Amino acid sequence: TNFFAVNAGDGKLIWSAALPGKGPASSPMVVDGVLVINVGKLAAFDAATGKQLWVQAKAGSGNSSPVAWKTGGRTVIICNGRGVLAGVDLKSGDLLWTTPGGGDATPAIVGDFLATQTSKPDVGIMAGKLTASGFTKLWNIPYDPLRSQSSPVIVNGCVYLIDDNIHFCFDLNTGHELWKQDAASSSISSPVFAD
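Predicted model only: the values in this text are computed from it and were never measured.

Chemist: So what about the overall build of the protein? Which residues, and what values?
Modeler: Counting its secondary structure elements, the protein contains 0 helices and 18 strands. What you see for the protein is a C-alpha radius of gyration of 17 Å, in line with the 16 Å of a compact globule of 195 residues. Taken along its principal axes, the extent of the C-alpha atoms in the protein is 50 × 40 × 30 Å. A burial count over the protein gives 48% of its 195 residues as buried. Of the contacts formed within the protein by residues at least 6 apart in sequence, a portion of 37% connects residues at least 24 apart.

Structure follows, in structure tokens:
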């Protein structure tokens, strides 16, 4: 029910703030001096003081962590939510756009490309391009995973996803499945890329 900022060196409390919703299993993010968290809805706080800046009830929910994308001097916060993927203006909290999707996966962004897993079986895994006015879907692969809580990564033009004990690799531009591999014990495991 509360959020805390502490000094990393000595653990002393810097500030605390009441959350406008129950604390989730998502991770907070700080961008441009603003702390954004998904607590059943997106909420933003001043990272230095803990003062609540805005709440956007039409974005967020579930366990997806917010991510940031910058274009033309604007920072857009993107988050999977209940039934939709949404873009929100960081400064104002205004809802900029939504597209069908949603779920617990945290979207992956590289440049203007976004890929995410959704909780909607008819959408499944999708990728597209971010623009100043919204999101344009390039492809989707219907998929009904057991959990849909794994987040993809984008590396060298490929989308990698691990879910339901299967590892996938898709071409970022076309969605063509490059390979699929069964793998035990990876039902909720998000891949990471190490150089």
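Chemist: If you had to explain the nonpolar core to someone new, which residues and values would you point to?
Modeler: Ile125, Trp139, Ile154, Val159, Phe168, Phe170 and Leu172 are the most contacted members of the largest nonpolar core, which totals 14 residues. The set of elements that each furnish at least two residues to this core consists of strand 12 (113–117), strand 13 (125–131), strand 16 (158–163) and strand 17 (166–171). For this core, the leading source of residues is strand 17, giving 3 residues. Core analysis: the second largest hydrophobic core is formed by 13 residues, Val36, Ala44, Trp54 and Ala86 among them.

Chemist: Pulling in residues and values, what's your account of unusual backbone geometry?
Modeler: Positive phi, normally seen in glycine, also occurs at Ser61, with a value near 100°. Locating Ser61 in the fold gives a position in the loop between strand 6 (52–56) and strand 7 (67–71). Located in the positive-phi region is Asn156, a residue other than glycine, with phi close to 50°. Along the chain, Asn156 falls in the loop between strand 15 (153–155) and strand 16.

Chemist: Could you give an account of the packing of aromatic side chains, naming the residues involved and the relevant values?
Modeler: Two descriptors summarise a pair of aromatic rings, namely the distance from one centre to the other and the angle between the planes of the rings. This model, assessed by the stated rule, comprises 6 aromatic pairs. For the pair Trp97 and Phe135, a centre-to-centre distance of 6.0 Å together with 15° between the ring planes defines the contact as stacked. Of this pair, Trp97 sits in strand 10 (residues 95–100) while Phe135 sits in strand 14 (residues 134–141), and the two are 38 residues apart along the sequence. Aromatic side chains Tyr160 and Trp179 sit 6.2 Å apart centroid to centroid with 50° between the ring planes, which places their arrangement in the tilted category. Placement of Tyr160 in strand 16 and of Trp179 in strand 18 (residues 177–182) is noted, with a sequence separation of 19 residues between them.

Chemist: Which residues make up the sheet that holds strand 18, and what values do they have?
Modeler: Spatial ordering of the open sheet is given by 15-16-17-18, a layout of 4 strands whose pairing is antiparallel. Among the strands making up the open sheet, the edge pair consists of strand 15 and strand 18. Taken pair by pair, the neighbouring strands of this sheet meet at an average axis angle of 20°, ignoring direction.

Reading guide: rules and limits
- Residues numbered from 1 in each chain as written.
- Predicted model: local features only at pLDDT ≥ 70, side-chain atom pairs only at ≥ 80, totals over all residues.
- Heavy atoms only, no water.
- Helix = DSSP H or I, 4+ residues; strand = E, 2+ residues; numbered from the N terminus.
- Rg over C-alpha atoms; globule rule 2.2 N^0.38 Å.
- Buried < 20%, exposed > 50% of the residue type's maximum accessible area, 1.4 Å probe, protein only.
- Contact = heavy atoms within 4.5 Å.
- Core = buried A, V, L, I, M, F, W, Y, C linked by side-chain atoms within 4.5 Å.
- Phe/Tyr/Trp six-rings, centres within 6.5 Å; stacked < 30°, edge-to-face > 60°.
- Pairing = 2+ DSSP bridges.
- Axes fitted to C-alpha atoms, helices over the stretch in contact; angles between N-to-C directions.

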